[in-house]
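# Summary of structural features
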Amino acid sequence: MMAQEDPHISSITIAPITGPELLAKLPAVAALRIEVFREYPYLYDGDLEYETRYLRTYAEHLDSVIVLAMDGDQVIGASTAVPMRHAGADICDPFRAYGIDPERVFYLGESIILPPYRGRGIGARFFEERERHAERLGGFDYHAFCAVERPRDDPRIPINYRYLHNFWNRCGYHRVPGLYTSFSWREIGEIQESPKPMVFWLKPMTDEARATL
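Since the model is a prediction, treat every value here as computed from it, not as a measurement.

### Observations concerning the overall build of the protein chain
Counting its regular elements, the protein chain contains 6 helices and 7 strands. Taken from N to C terminus, the helices and strands of the protein chain fall in the order β-α-α-β-β-α-β-α-β-α-β-β-α. C-alpha atoms of the protein chain, sized along the principal axes, occupy 55 × 40 × 40 Å. For the protein chain, contacts bridging at least 24 residues in sequence account for 70% of all contacts bridging at least 6. As displayed, the protein chain has an accessible area near 11,400 Å², and 53% of this comes from carbon and sulfur atoms. If the 24 positive side-chain charges of the protein chain are averaged to one point and the 31 negative ones to another, these points end up 2 Å apart.

Structure below.
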């Protein structure tokens, strides 16, 4: 008997887009960010106007990239990246303090995928496409991203919650406890924004870079 093709993955296309061509997709990606980041561990109570304004920075830099996963005409996943020199001080300053030049770091923003499409290899493709973009640009010793840190005994952890640490390790990234920052957002139940601890994960791309970790 021939196996049936999974309708959730057979029609999916994954491709990077850059520069001005990002603009048409920004509203859909902004809405996706609000929906996905409302889940644990971010619990983000998002705002569409802010999200669109944030994402517009990727369209302003020709060396940035957003990788889109599309199911037909629907954006079901997105992943962002940009040379760290374009990121804010809350991202660059911790690297300077740690002794790593932000100019040599390619910063991976978020990867977001709608729940029905998870566990199907899209997340791995997001890492591959962003790293490939960094290689085309050249000049980076590290790839890096950061993730929110929540207590392991947080009562809000869903019963079926799956930590991504092993997946990130398999992709070549390692948590660096001494390299951290904080981002502020309003989470569900909060009246106003509050800072959240974020720890960086790095993938060294040269022997010299590996020696620093």
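### Re the pairing of strand β4 (residues 105-113)
When you tally the buried positions in β4, you get 8 out of 9 residues, the bulk of the element. As paired elements, strand β3 (residues 74-83) and β4 share 6 bridges and run antiparallel to each other. If you follow Ala 78 over to β4, its bridge partner there is Ile 112. Bridge analysis of β4 against strand β5 (residues 142-148) gives 3 bridges, and the strand direction is parallel. The residue of β5 that forms the bridge with Tyr 107 is Ala 144. Each parallel crossover has a hand, and for β4 linked through helix α4 (residues 122-137) to β5 it is right-handed.

### Here we look at unusual backbone geometry
Cis geometry marks the peptide bond from Tyr 40 to Pro 41; its omega dihedral reads 15°. Looking at the secondary structure, you find Pro 41 in the loop between α1 (26-37) and α2 (48-60). Even without a glycine there, the phi angle at Leu 43 is positive, about 55°. Looking at the secondary structure, you find Leu 43 in the loop between α1 and α2.

### A word on the side chain of Ser 194
Mapped onto the secondary structure, Ser 194 falls in strand β7 (residues 194-204). We classify Ser 194 as buried; its relative accessible area is 19%. Residue contacts for Ser 194: discarding those within four places in its chain leaves Phe 183, Ser 184 and Trp 185.

### Thoughts on the packing of aromatic side chains
For the coordinates displayed, the defined rule picks out 15 aromatic pairs. The rings of Phe 127, Phe 145, Phe 167, Trp 168, Tyr 173 and Trp 201 are connected pair by pair, giving a single aromatic cluster. Its end group placed over the ring of Tyr 163, Arg 152 keeps NZ or CZ at 3.9 Å from the ring centre. Positioned over the ring face of Trp 185 is Lys 196, at 4.9 Å from the centre of the ring.

So, how was this worked out
Residues numbered from 1 in each chain as written. Predicted model: local features only at pLDDT ≥ 70, side-chain atom pairs only at ≥ 80, totals over all residues. Heavy atoms only, no water. Helix = DSSP H or I, 4+ residues; strand = E, 2+ residues; numbered from the N terminus. Contact = heavy atoms within 4.5 Å. Areas by Shrake-Rupley, 256 points an atom, 1.4 Å probe, with all protein chains shown as cover. Lys, Arg positive; Asp, Glu negative; His and termini not counted. Charge placed at Lys NZ, Arg CZ, Asp CG, Glu CD. Buried < 20%, exposed > 50% of the residue type's maximum accessible area, 1.4 Å probe, protein only. Pairing = 2+ DSSP bridges. Right-handed = clockwise from strand over helix to strand, strands pointing away. Phe/Tyr/Trp six-rings, centres within 6.5 Å; stacked < 30°, edge-to-face > 60°. Lys NZ or Arg CZ within 6 Å of the ring centre and 35° of its normal.

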